[in-house]
Amino acid sequence: MNELQPTVDREIVASIVGVSKVYKLGGHTVRALDNVSIDFRQGDFVAIMGSSGSGKSTLLNLLGCLDRPDSGQYILAGRDVAAMDDETLSRIRGRYLGFIFQSYNLIQQLSVVENIEVPLSYQRPPLPGGRERCLKLAELVGLSGRLGHRPTELSGGQQQRVAIARALVNNPHVILADEPTGNLDTATSHEIMDLLDALNRAGRTIVMVTHENDIAERARRIVRLRDGRIDTISEVRPALPVVSGSIALERL
Amino acid sequence: MSLLQQLRLGFRSLMLHKLRSALAVLGILIGVTAVIWLVAMGEGVSYQAQQQIKDLGATSIIIRSIKPSEESSRDVGSRFGISYGLLRDDYERIVTNVPTISRAVPMREISREVRHREYAIDGQAIGCTPDYFGMNRLTIARGRAISEVDMKGYANVVVLAWEAARKLFPIEDPLGRAVQIGTEFYVVVGIAAERTAAAAIGGSLDARQYDRDVYIPLSTFRARIGDRVFTLRAGTTQLETVELTQITAVVEDMKEVDATADIIRSLLQRYHKSVDYAVVVPKELLEQAETMRAMFNVLLLLIAGISLLVGGIGIMNIMLATVTERTREIGIRRALGATKGEIVRQFLCETVVLAGTGGLLGVAFGFLCGPTVNGVRMAVGAFLPEVWSALPPNIRNLEPRLAPWSIIAAFAISVGVGILFGIYPARRAASMDPIEALRHE
Ligand SMILES: Nc1ncnc2c1ncn2[C@@H]1O[C@H](COP(=O)(O)OP(=O)(O)O)[C@@H](O)[C@H]1O
Ligand SMILES: [Mg+2]
């Protein structure tokens, strides 16, 4: 059946073109990103690797619209984000992106289900069926029994599951994860990777920073950075076969 | 997020630091309560003063005899004692020469012991005409007032004030019985209804009390007691000659009061060598009281402003601490799509919850003003009777009056203060760089 299908290029969801980011520290300048270009297609699962200071976080912050490049373009959902003002960037983060952090970054005074709900409160216009969606996602990440718990009452792995559910609640185009397993033991790390893998199989686009080889191996592509430039891009597994992506996405 | 949800969220965040939030609320609460209480007391005092002044009548002019100071009285003094004050001729002159006056009522007053059997009071014997009762809005509860017949016949009759009757006749019916005023006996023909005190006038600090008064005909007063009276002062008896203690003149129209008072002043000036009289215009007192009240309210607003400012600074302090503490949360919310405006709104909501809670509690405590003042009054009356009796009647009788405007204003200002002092911390929260905020701690 695969052979019968023509090779259709997957839709590009995020694309950076010739992006540079320069930090001035005292007298000298640091080129955190130096003329980087890369496309992310729908269903991609990219691991960004590189030594400390190579520009991984800077790249992820740019992709996450938390920062703007000094030069170059960043096209997200067909629009150039590089020139947008703060409010529009906030709206784009809320609408098209999902974040997973190394230290989970849940809000301490909110319960599990309320934490999952947070991105919904910043949707303009609001997404329909909010609470229901939160409950479904909590079930998906295996936390149905802990809806009323506070983050401090959960293990690290459980907290990261809450964060993943929260990253999915706005049905984002791209999920950005900065060392999502950095604070977890090996067994729990692989449970989290199983979850991300399942999401990717369902059509989710994931960009993940990691410095662990065995974690990076679970992605489809590995991008290695060195001194703010792309050193190598290697394919680990073939790209996800074309499916009717948007339908698959809606299921999660 | 709806406003209600935001307020709920703000409340929950504040509940994370209960003591700290409670202290911020306390700051506003005290400010709001202080405003409401002070205004209520001020309104109570000025209401009392206004009632007393109105009692004197806005169309009346009161002319009182005033004893000259000690030095001048020594000059005047002889073995016949001193002579001062209003004369019966003054009364005639005023009545005949001042056309705007519709009615004038003379009165002579002296302190005398009043007795009935073993019961005695330090009474005020008041020699008056029948008009005196209507003029002072004294109503007769039982029996009758002093009449023209009493005046013509120099009758030995007396009308007792309600309190005087109660004290002198605890058991018996006073009507028809005799009381002794000084050395003379008088038959009780009437009892005046209860009457609250009127404003202080003409040099005396105390408000005019009616409860120790005994009323006799002015003619009888002159015949039995006379103009010359001995008073005991600083161990020596002194002889004083006074014809009339007071003349109350009433004009038809309130607009004529000031001009009439001026005419009376110049008339009296012509016949009196020294100023041994005072012309008091209640209308002027009323205007003075209004001015005092306005000044008092300005002062209160100043105090209110200061206390709410202090409360506001307390809130700002706490919000700045909150913002620093929750830098991480701010970073998270920004990453998840919150705009700067939404962060500002979130923290403003918290300050509004703080200030609003303080405001509401302050209003609640404000309503306790009346009961508290009554409680304090009862406690002082019960446990410190000497202190109680030493207090001026204006304070003893003080009834705080809650002013609706002060409640609304205090609450509105407290919320306004919350917003005003919350803006800076909230903007500081919103202006944080999301990346920096996420990296915090
Ligand atoms: N806010 C900043 N100010 C100055 N220099 C920065 C800042 N953020 C990153 N850098 C510099 O940019 C380079 C890349 O940083 P980063 O992207 O954090 O690297 P990585 O995440 O790969 O360790 C480093 O040399 C770092 O010192
Ligand atoms: Mg990094």
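Residues numbered from 1 in each chain as written. Chains lettered and ligands numbered in written order. Predicted model: local features only at pLDDT ≥ 70, side-chain atom pairs only at ≥ 80, totals over all residues. Heavy atoms only, no water.

1. What about the pattern of salt bridges?
Inference 1: Counting across every chain of the model gives 37 salt bridges over all chains.
Inference 2: We note a salt bridge from aspartate 44 of chain A to arginine 221 of chain A, for which the minimum N-O separation is 2.6 Å. Of this pair, aspartate 44 of chain A sits in the loop between β2 (28–41) and β3 (45–50) while arginine 221 of chain A sits in strand β9 (residues 221–226), placing them 177 residues apart in sequence.
Inference 3: Since its relative accessible area comes to 10%, aspartate 44 of chain A is described here as buried.
Inference 4: Residue glutamate 172 of chain B pairs with arginine 117 of chain B through a salt bridge whose shortest N-O separation is 2.9 Å. You can see glutamate 172 of chain B sitting in the loop between α7 (162–168) and β7 (178–181) and its partner arginine 117 of chain B sitting in the loop between β3 (101–116) and β4 (119–128), a full 55 residues away along the chain. (Salt bridge = Lys/Arg side-chain N within 4 Å of Asp/Glu carboxyl O. Helix = DSSP H or I, 4+ residues; strand = E, 2+ residues; numbered from the N terminus. Buried < 20%, exposed > 50% of the residue type's maximum accessible area, 1.4 Å probe, protein only.)

2. Topic: the sheet that holds β2 of chain A
Inference 1: In spatial order, the strands read β2-β1-β4-β5 (chain A); together these 4 strands make up an open sheet with antiparallel pairing. Of all the strands in the sheet, the pair left with one neighbour each is β2 and β5 (79–80) of chain A. (Pairing = 2+ DSSP bridges.)

3. With respect to unusual backbone geometry
Inference 1: Between arginine 124 of chain A and the following residue, proline 125 of chain A, the backbone shows a cis peptide bond with an omega angle of -5 degrees.
Inference 2: In this structure, asparagine 171 of chain A is a non-glycine residue whose phi angle is positive, near 50 degrees.
Inference 3: Here arginine 137 of chain B, not a glycine, exhibits a phi torsion of approximately 50 degrees, which is positive.
Inference 4: Looking at where arginine 137 of chain B falls in the secondary structure, it is placed in the loop between α5 (131–135) and β5 (140–143).

4. Some remarks on the confidence of the model for chain A
Inference 1: Summing up the model confidence of chain A, the mean pLDDT is 89 and the portion of residues at 70 or higher is 92%.
Inference 2: Within the model, pLDDT remains below 50 along residues 1–7 of chain A, and this stretch shows 1 contact once partners closer than five positions in the same chain are excluded. (pLDDT = per-residue confidence, 0-100. Contact = heavy atoms within 4.5 Å.)

5. Concerning the domain arrangement of chain B
Inference 1: Taken domain by domain, chain B comprises domain 1 (3–52 + 287–367 + 402–439) and domain 2 (69–245).
Inference 2: Of note, the centres of domain 1 of chain B and domain 2 of chain B, computed from C-alpha atoms alone, are 58 Å apart. (Domains from an automatic or database assignment.)

6. Some points on the site of ligand 1
Residue and element names in this part refer to chain A.
Inference 1: As a structural note, the neighbourhood of ligand 1 is formed by Tyr23, Leu25, Val30, Ala32, Ser51, Ser52, Gly53, Ser54, Gly55, Lys56, Ser57 and Thr58.
Inference 2: Within the backbone of lysine 56, one N or O atom sits 2.9 Å away from an oxygen atom of ligand 1.
Inference 3: Threonine 58 is positioned with one of its side-chain polar atoms (N or O) 2.5 Å from an oxygen atom of ligand 1.
Inference 4: Alone, ligand 1 offers 550 Å² of accessible surface; in the complex the protein occludes 69% of this. (Near = heavy atom within 4 Å. Polar contact = N/O pair within 3.5 Å; in protein donor to acceptor, adjacent residues only side chain to side chain. Areas by Shrake-Rupley, 256 points an atom, 1.4 Å probe, with all protein chains shown as cover.)

7. Digging into helix α2 (residues 86–96) of chain A
Inference 1: Among the residues of α2 of chain A, those classed as buried are Leu89, Ser90, Ile92, Arg93, Gly94 and Tyr96 of chain A.
Inference 2: Buried positions along α2 of chain A lie against β4 (71–76), β5, β6 (97–100) and β7 (174–178) of chain A together with α11 (327–335) of chain B.

8. Examining the environment of threonine 188 of chain A
Residues and elements named next belong to chain A.
Inference 1: With respect to the helices and strands, threonine 188 occurs in helix α6 (residues 186–201).
Inference 2: Threonine 188 sits in the buried class, given a relative accessible area of 16%.
Inference 3: Here the alpha-carbon distance between threonine 188 and glycine 157, two residues 31 residues apart in the chain, equals 6.0 Å.
Inference 4: Within the local environment of threonine 188, its side chain forms a polar contact with the side chain of aspartate 185, the two groups lying 2.7 Å apart.

9. Topic: the interface of chain B and chain A
Inference 1: Contact residues are listed per partner, giving 22 residues for chain B and 26 residues for chain A.
Inference 2: Summing both partners gives a buried area of about 2,200 Å² for chain B against chain A, and 54% of it is carried by carbon and sulfur.
Inference 3: The largest per-residue losses of area from chain B upon contact with chain A belong to Arg12, Leu336 and Ile435 of chain B, which jointly make up 28% of the total buried on that side.
Inference 4: Taken together, the links from chain B to chain A amount to 4 salt bridges.
Inference 5: Salt-bridge contacts for aspartate 86 of chain A lead to arginine 334 of chain B; the nearest nitrogen and oxygen are separated by 2.9 Å.
Inference 6: Across the contact surface, chain B and chain A share 12 residue pairs in polar contact (both at pLDDT 80 or more).
Inference 7: Counting only elements with at least two residues in the side of chain B that touches chain A, the list comes to α1 (3–15), α11, α12 (340–367) and α17 (434–439) of chain B.
Inference 8: A per-element tally of the side of chain B that touches chain A places α11 of chain B first, with 6 residues.
Inference 9: Taken together, the residues of the side of chain B that touches chain A sort by class into 10 nonpolar, 4 polar and 8 charged. (Buried area = accessible area lost by both parts, 1.4 Å probe. Nonpolar A, V, L, I, M, F, W, Y, C, P; charged D, E, K, R; others polar.)

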